Amino acid sequence: MEEKKRYDAAEAEERWQKYWEKEGTYAFDPDSDKPIYSVDTPPPTVSGEMHLGHAFSYTQTDIIVRFKRMKGFNVFYPFGTDDNGLATERLIEKTKKVKASKMDRQEFIDLCLETLETIRPEFVQDWKSLGISCDWNVFYSTINDHSRKISQQSFLDLVKKDRVYRKEAPVIWDTQMQTALSQVELEDQEQDSYFNDITFKDGGKDIIIATTRPELLCSCVAVFVHPDDEKHKKLVGKELEVPVYHHKVKVIADKRVDPEKGTGIVMCCTFGDQTDIEWYKAYDLPLRVGITKDGKMTDLAEKYAGMPIKEARKAIIEDMKKSGELVNQKKIKHIVNVGERSGVEIEILESPQWFVRYLDLRDTFLKSGKKLKWYPDHMRSRYDNWVNGLQWDWCISRQRYFGVPFPVWYSKKTGEPIFADSDQLPVDPLKDKPKKLPKDHTEDDIIPETDVFDTWATSSLTPDLATQLFKDHKVFKKLQPMSLRPQAHDIISFWLFNTLVKSQMHHKRNPWETVAISGWALDAKGKKMSKSKGNVIHPQEMRDKYSADALRFWASSSKLGDDLAFSEREFIAASRTITKLWNLARFTGMHLEDYDGGEGELQPIDRWLLSRLNRTVATVTDALENYDYVRIRLDVDKFFMQSLADNYLEIVKDRLYGEKNESRTAAQYVVKTALTTVLKLFAPVLPHITEELYQEYCEKSSIHTSSWPEATKKLISDDIEKHGDLAVKVISAVRKAKSQQGLSLKHEFNKITIESSSEKELEAFLPAISAATKTKDIAFGKAKEEIEEGLKISID
C-alpha cells in the first residue's frame, strides 16, 4: 500500500467494504467445526432509507458480533428485509402514485414485488456502507417464496395443534386503514374530551350516566352497576329508556363496574371497550352495530346515519342539550388507544377474523421469558408486563392487498375452510386451487380467502426464515436455538413476544439464548425524531460528513437499553481518535521497518505500558462477554490516547530514534504489541480504519478474522503501574513547566530534584524520566513544588 499522509475515510471505507464482500470475510462456513454464534438479525422494513435509529442499534449489535468472530466463533449473521404488509403498500402507493383499492389486486401485488426488487439493493446498501458485518449471501425477504412457504406452514401447523380458529368476533378495528389490528399495533394517546352526564329514564325519574361517547347510544344494550353499590343496586332488574333513541335496556349488577368513576352507573354498548365485550359474552347481550368499518354511523343511528364518528358525537351532544337530556359536561384529558400507523382512535367491531389462541399460555410465556438472558436485565419487566396485561387472542388476519396470503379456501356449500397441502406451499388462493377438493365439490364450489397475514405473523418466524436457508445441511440442527436476538425496546411486545410465542408453539423451546435490547436515537434535545417535528437527522449525511467509523463511534457511546441524544461533538471526537490512530500507526511503522521480532531488554517503563495494556484487554474482554461494548470507548480510548500516545511514545522516542540495540528492540516490541492490540480492541467499533492500519503495519490479512487479544495476567502489576504513574506525573510536571516558561520541549534543564515517599520504587524509572525531560541530572532530595500528596519536584 502506497504511503499516504492523510487518511481518506470515504475512499478507504468503500474499498474495504468491497474487499470484505469479495473475500468473504464475514461468510458463515456451514462445514466449520468452530462453535456457532447465531444472530436473529432484525429485518428492517423496506420503506425508504436507513434512519438514525437503525444506524444506532445495528452498530451496537455489530460490535458484539465482530467481537465473537474474533473470539473464534463461526458467526451466522444473516440479513433480511421486512417487505410485506401495510408499510410496503403505503410506499408503493406513494412512489408509484397509485391506490391499491382502485387497482386489480393481482396487478397491485405484482407492482409491489417488481418495485421491491428495484429498490431493495439501494436500501440494503446503507447497511453495507455502515460496515455491518452480515453475510450478505445469507439473505431472505419476508415476501419471497422461501418466507411465504414457512409462514404458511406455520399457520397449517397451528391449525393441526388446534391453536388457530376463525370466528365472527369483536376485533380491534382501524377505520382509516380499514383492517383489524392486534393489541401490539396500538399506541396510547392523550386526548381532550368531555364526560357527558346524560339522562336515562326510569319511568318518570332521571338516572344520570356519564359517558365520553354519546354517539354509541344507538348501540347501548344494557346498563351496569356494582352489586355492592347501595345507592344504585335498587335499579338492578329494571329497564331504563335510552336517551335519543328511546329503546329500553336492562340494568345488571356486575363487580367490574367502578362505583367511583363517573356516576357509578355504566352503559354497555357493542362495543366501546374490552369490558363491553366481556359483558356481551357473559350475559349473552344482543349485538347492535352503530359504526361502519370506514368509521361512519350505521342506519341504527337514524338521523345521524352516514356521519363520521366525531361529527355524529358533536351533533348528538347539541341535540341532547336542546332536549334537556344532557345535564352537565366536564372537560377531561384521557388516554385512548389509536392505531400505531394511522393515529386514529380505534373501534371495536365484530368481524370474521383468524386468531391464534394463546391466552391460556401466559404462564408458559412468563417462564420462558425468565429463562432468557436479558441485556440489560431490567428490560424483562417490559416483557412480563405485556404478558400479564394480555386480554385478547392474537388476531393474525388483515384486510389488506399486499402480504402473505392465508393458504385457505372456503366451501360455498358449507362455509367450511379448505386448507392447502404442505407440499403445495407457497400458494396464493386468488390464483391457485387446493390440491384436494372436498367430496362432491368442483373448483366452482370454492372461494378463496382474500385476507393476508398480519406482518408480525411472518416476522415472528425470523429464526426459521434465516436458519431454514440451511435446512438441507447438517449444520441446520446447530443453528437453533439462536445465540442472540438484538432489537429495540419499543418492539418487545411486537417482535420479541410473538417470536417466542411461535417458537414455543412450534418447537416447545425458546428461539434464542440471549436478547440484547437497544434504546432509541434521539435528537440533540433528547426528543424522539419525526418528520413532522423537523428534527430528523439522517445518518447518511453524518457518514458522508465524517465517516462510517465516526457514526459507529457515536453509537457505541450508549449502553444497551439506554436512549442516546444526538451530539455532533461525538463525531468530532471520533474523527480525532481516527486521525490520532492514523498518525500513531504511521509514526510507529516508520520505526518498525527494521524490527526483527525480538523482545529485547524490557525496561520498567515498558513493563508499565504492558501492564496497562493487558489490564485494558482483560477489562474490555470481560465487558464484551457481558455485552458492555461501551468499555471500548471508555477504556481502550483512554489507554490509546493517554498511556500510549501522549506518554509512552513521547518517553521512548529517543530509544526508537537511537542505534539498534536491546533497548531499542524492546521499545519496538512494546510499540508493535501495543499498536496491534489497540487496533484489535478498536476493530469492532472502527472496522475500516483498523483494517487499513492492520494490513499496512501488522499483517497482510483481515484484522476481523484475526484472534482477539488475550490478556497475559503475569504482565499485570499494580506496583509497576503505580510507580510508572508517578514517573509519568513527574514528566508531565516538567513539560508543564517548560510550557509555562515558553520553552521548547527539547530544552534541557540542569537538574531535577524529586521528593517522593516511593523513591526506591521510582528509581528504576529515572532513565525514562531523564530521556523524556531532556535532563541528565536527576536526584532525590528535598523539593518545592507539590504535584500530589507524597510527590514534589524542583527544577533548576
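Below, the structure is looked at part by part.

What counts as what
Note that residues are indexed from 1 along each chain, following the sequence as it is written. Given that this is a predicted model, residues contribute local features only at a pLDDT of at least 70 and side-chain atom pairs are listed and counted only at 80 or more, while totals for whole chains, interfaces and linings are drawn from all residues. Each side-chain value is derived from all of the structure's non-hydrogen atoms; neither hydrogens nor water enter the calculation. Secondary structure follows DSSP: runs of H or I at least 4 residues long count as helices, runs of E at least 2 residues long count as strands, and numbering of each begins at the N terminus. Only protein chains enter the accessibility calculation, which uses a 1.4 Å probe; a residue is then buried when its area is under 20% of its type maximum, exposed when over 50%, and partly exposed in between. Only the protein chains shown count as cover for residues, and all accessible areas are computed by the Shrake-Rupley method using a 1.4 Å probe. Under the counting rule used here, the positive set is Lys and Arg, the negative set is Asp and Glu, and His together with the chain ends is not counted. To locate a charge, take NZ of a lysine, CZ of an arginine, CG of an aspartate or CD of a glutamate. Whether two strands pair depends on DSSP finding at least two bridges between them. Axes here mean lines fitted to C-alpha atoms, for a helix over just the part in contact, with angles spanning 0 to 180 degrees between N-to-C directions. Residue contacts are defined here by distance: any two heavy atoms, one from each residue, within 4.5 Å place the two residues in contact. Any pair of N or O atoms that falls within 3.5 Å is considered a polar contact. Within protein, one atom must be able to donate a hydrogen and the other to accept it, and sequence-neighbouring residues count only if both atoms are side-chain atoms. Working definition: a ring pair exists when centres of Phe, Tyr or Trp rings (six-membered ring for Trp) sit within 6.5 Å. Plane angles under 30 degrees give stacked, over 60 give edge-to-face, the rest tilted. Note on criteria: charge over ring means Lys NZ or Arg CZ within 6 Å of the ring centre, with the direction from the centre no more than 35 degrees off the ring normal. Note on definitions: salt bridges are taken to be side-chain nitrogens of Lys or Arg within 4 Å of carboxyl oxygens of Asp or Glu. Nonpolar cores were defined as sets of buried Ala, Val, Leu, Ile, Met, Phe, Trp, Tyr and Cys residues, with membership established by side-chain atoms within 4.5 Å. When an angle is under 35 degrees it counts as roughly parallel; over 145 it counts as roughly antiparallel; between 65 and 115 it counts as roughly perpendicular; any other value is oblique. Crossing handedness: left-handed means the near helix sits turned counterclockwise from the far one by under a right angle, and right-handed means the same turn made clockwise. Here the nonpolar group is Ala, Val, Leu, Ile, Met, Phe, Trp, Tyr, Cys and Pro; Asp, Glu, Lys and Arg are the charged ones; every other residue, Gly included, is treated as polar. Grouping into patches uses exposed residues only, defined as over 30% relative accessible area, and leaves out salt-bridged ones; the cut-off is 9 Å for like charges and 5 Å for nonpolar side chains (Val, Leu, Ile, Met, Phe, Trp, Tyr).

**What to know about the overall build of the protein**
Each helix and strand in the protein was counted, giving 23 helices and 29 strands. Across the 796 residues in the protein, those meeting the buried criterion constitute 56%. Carbon and sulfur atoms provide 46% of the accessible area of the protein, an area that totals close to 35,900 Å². Here the protein contributes 119 positively and 128 negatively charged side chains, and the mean placements of these two sets differ by 1 Å.

**Quick look at the sheet that holds strand E28 (residues 785–788)**
The four strands lie next to each other as E27-E26-E29-E28, forming an open sheet whose pairing is mixed. Since the sheet does not close on itself, it has two edges, and those belong to strand E27 (777–780) and E28, each with one partner. On average, each strand axis in the sheet is tilted by 25° relative to the strand beside it, whichever way the strands run. Across three bridges, the pairing between E28 and strand E29 (residues 791–795) is antiparallel. Within E29, the residue paired with Glu788 across the bridge is Leu791. Sheet strands in contact with helix H21 (residues 718–740) are strand E26 (751–756), E28 and E29, and its direction is about 35° off that of E29.

**Observations regarding the side chain of Arg633**
Residue placement: Arg633 occurs in helix H17 (residues 630–651). Among the polar contacts made by the side chain of Arg633, one reaches the main-chain carbonyl oxygen of Phe553 at a distance of 2.8 Å. If near-sequence neighbours (up to four positions away) are discounted, Arg633 is found in contact with Phe553, Trp554, Ser556, Ser557, Glu570 and Lys638.

**Structural notes on the packing of aromatic side chains**
Working definition: an aromatic ring pair is given by the centre-to-centre distance plus the angle between the planes. Enumeration over the complete set of coordinates arrives at 39 aromatic pairs. Members of the aromatic cluster, connected to one another through ring pairs, are Tyr358, Phe365, Trp374, Tyr383, Trp394 and Phe497. The residue whose ring lies beneath Arg66 is Trp20, and the NZ or CZ to ring-centre distance is 5.4 Å. Taking the ring centre of Phe587 as reference, the NZ or CZ of Lys653 above it sits at 5.8 Å.

**As for the sheet that holds strand E6 (residues 179–181)**
Across the sheet, four strands lie side by side as E6-E5-E14-E16; this open sheet has antiparallel pairing. Two strands lie at the open edges of the sheet, namely E6 and strand E16 (394–395), each paired on one side alone. Bridge analysis of strand E5 (residues 164–174) against E6 gives three bridges, and the strand direction is antiparallel. Following the sheet pairing, Asp174 is matched in E6 by Thr179.

**Brief notes about the pattern of salt bridges**
Tallied over the full model, the rule gives 51 salt bridges. Residues Lys653 and Glu650 are paired through a salt bridge, measuring 3.3 Å at the closest nitrogen-oxygen approach. Salt bridges linked by common partners bring Arg612, Arg615, Asp718, Glu721 and Asp725 together as one network.

**Observations concerning the nonpolar core**
By size, the foremost hydrophobic cluster in this structure holds 180 residues, and its most contacted members are Trp554, Leu644, Tyr648 and Ile754. The leading source of residues in this core is H17, at eleven residues. Phe200, Ile265, Met297 and Ala312 belong to the second largest nonpolar core, which has 37 residues in total.

**Concerning the packing of helix H15 (residues 568–591) against helix H19 (residues 662–682)**
Where H15 contacts H19, the axes come no closer than 10 Å and their chain directions differ by 150°. When the interaxial angle is binned, H15 and H19 end up roughly antiparallel. You can see that H15 and H19 cross each other, and the crossing is left-handed. Listed contacts from H19 to Thr577, Leu581, Leu584, Ala585, Thr588 and His591 of H15 are Arg664, Gln668, Val671, Leu675, Val678, Leu679 and Phe682. Residue composition of the contact of H15 with H19, by class: eight nonpolar, four polar and one charged.

**Structural notes on helix H12 (residues 492–507)**
Within H12, 15 of the 16 residues are buried, leaving the element largely enclosed by the surrounding structure. At the C-terminal side of H12, Lys508 shows a positive phi close to 55°.

**A word on the packing of H15 against H17**
Between H15 and H17, whose axes approach to 12 Å, the crossing angle comes to 45°. As far as their axial angle goes, H17 and H15 are oblique. Considering how the two elements wind past one another, H15 and H17 form a crossing that is left-handed. Of H17, the residues touching H15 (which contributes Glu570, Arg576, Thr577, Lys580, Leu581, Leu584, Phe587 and Thr588) are Arg633, Asp637, Phe640, Met641, Leu644, Ala645, Asp646 and Leu649. Among the residues forming the contact of H15 with H17, the class breakdown is eight nonpolar, two polar and six charged.

**Remarks on the side chain of Thr61**
Within the secondary structure layout, Thr61 lies in helix H2 (residues 52–70). Excluding its chain neighbours within four sequence positions, the residues that come into contact with Thr61 are Val39, Tyr77, Leu484 and Pro486.

**Quick notes on a positive patch on the surface**
Judged by side-chain charge, Arg90, Lys99, Lys102 and Arg341 come together as a positively charged surface patch. Inspection of the secondary structure assignment puts Arg90 in helix H3 (residues 86–96).

**With respect to the environment of Trp582**
Residue position: Trp582 is located in helix H15. Given a relative accessible area of 5%, Trp582 falls into the buried group. Along the backbone, Trp582 and Leu693 are 111 residues apart, and their C-alpha atoms lie at a distance of 7.2 Å. Ignoring anything within four residues of it in the chain, the contact list for Trp582 reads Lys4, Lys5, Arg6, Tyr7, Ile689, Glu692 and Leu693.

**Topic: H3**
Regarding H3, the residues found buried are Leu86, Ala87, Thr88, Glu89, Leu91, Ile92 and Glu93. Residues of H3 that are buried in the fold lie against helix H4 (105–129). A positive phi of about 55° marks Lys97, the residue just after H3.

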